[in-house]
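Survey of secondary and tertiary structure
Now for the letters of each chain:
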Amino acid sequence: QVQLVESGGGLVQAGGSLRLSCAASGSTRDIAWYRQAPGKQRELVATVSSGGRTNYADSVKGRFTISRDNAKNTLYLQMNSLKPEDTAVYYCNADVWNGAYYENSWGQGTQVTVSS
């Protein structure tokens, strides 16, 4: 069974920084971070392809950086200049190799709370 395990969330003041990590149980292809605030739909935050190409939601461009370490099967999201509106549960999503094929999987989520 494939797994994605997030870590690094917490409480931070506006203007602060956090670094989220997402450890996969196997190799991955394209990877993404999503977030879901209370009462809102889950939204795409950032993606990174297997080749390293990145894309960001307009709301986080210039503040967040997505990266990956393929040797460690780990994805990162560096979040700087955090705003209260960044408060949400953050999820990683990826196709993870299960030994036979790539299986799409979600992490359990990590809470990020930004106080004003």
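Here we summarise the structure given alongside this text. (Residues numbered from 1 in each chain as written. Predicted model: local features only at pLDDT ≥ 70, side-chain atom pairs only at ≥ 80, totals over all residues. Heavy atoms only, no water.)

Within the secondary structure, G99 sits in the loop between β9 (88-97) and β10 (102-106). G99 gets classed as exposed once you look at its relative accessible area, which sits at 56%. Taking the C-alpha atoms as reference, G99 lies 8.3 Å from G26; in sequence the two are 73 residues apart. (Helix = DSSP H or I, 4+ residues; strand = E, 2+ residues; numbered from the N terminus. Buried < 20%, exposed > 50% of the residue type's maximum accessible area, 1.4 Å probe, protein only.)

Further remarks concern the pairing of strand β3 (residues 18-24). Extensive coverage of β3 is indicated by the burial of five of its seven residues. Strand direction decides the pairing type here: strand β1 (residues 4-7) and β3, joined by four bridges, are antiparallel. Bridge pairing in β3 links L4 to A24. In this sheet, strand β8 (residues 74-79) lies alongside β3 in antiparallel orientation, the contact comprising six bridges. Residue pairing for β8: R19 is matched across the bridge by Q78. (Pairing = 2+ DSSP bridges.)

On to the packing of aromatic side chains. If you walk through the whole model with that rule in mind, you get three aromatic pairs. For the ring pair Y34 and W106, a centre distance of 4.9 Å and an interplane angle of 55 degrees mean the geometry is tilted. Of this pair, Y34 sits in strand β4 (residues 28-36) while W106 sits in strand β10, and the two are 72 residues apart along the sequence. With a relative accessible area of 21%, Y34 lands in the partly exposed category. Accessibility expressed as a relative area gives 38% for W106, which makes it partly exposed. Ring geometry for Y91 and W106: centres 6.5 Å apart, planes at 85 degrees, overall edge-to-face. Highlighted residues: Y91 in strand β9 and W106 in strand β10, separated in sequence by 15 residues. Judged by its relative accessible area of 14%, Y91 is buried. Clustering of aromatic rings is evident, with ring pairs tying together Y34, Y91 and W106. The positively charged end of R42 is found above the aromatic ring belonging to Y91, 3.8 Å away from the centroid. Here R42 stacks its cationic end above the ring of W106, 4.6 Å away from the centre of that ring. (Phe/Tyr/Trp six-rings, centres within 6.5 Å; stacked < 30°, edge-to-face > 60°. Lys NZ or Arg CZ within 6 Å of the ring centre and 35° of its normal.)

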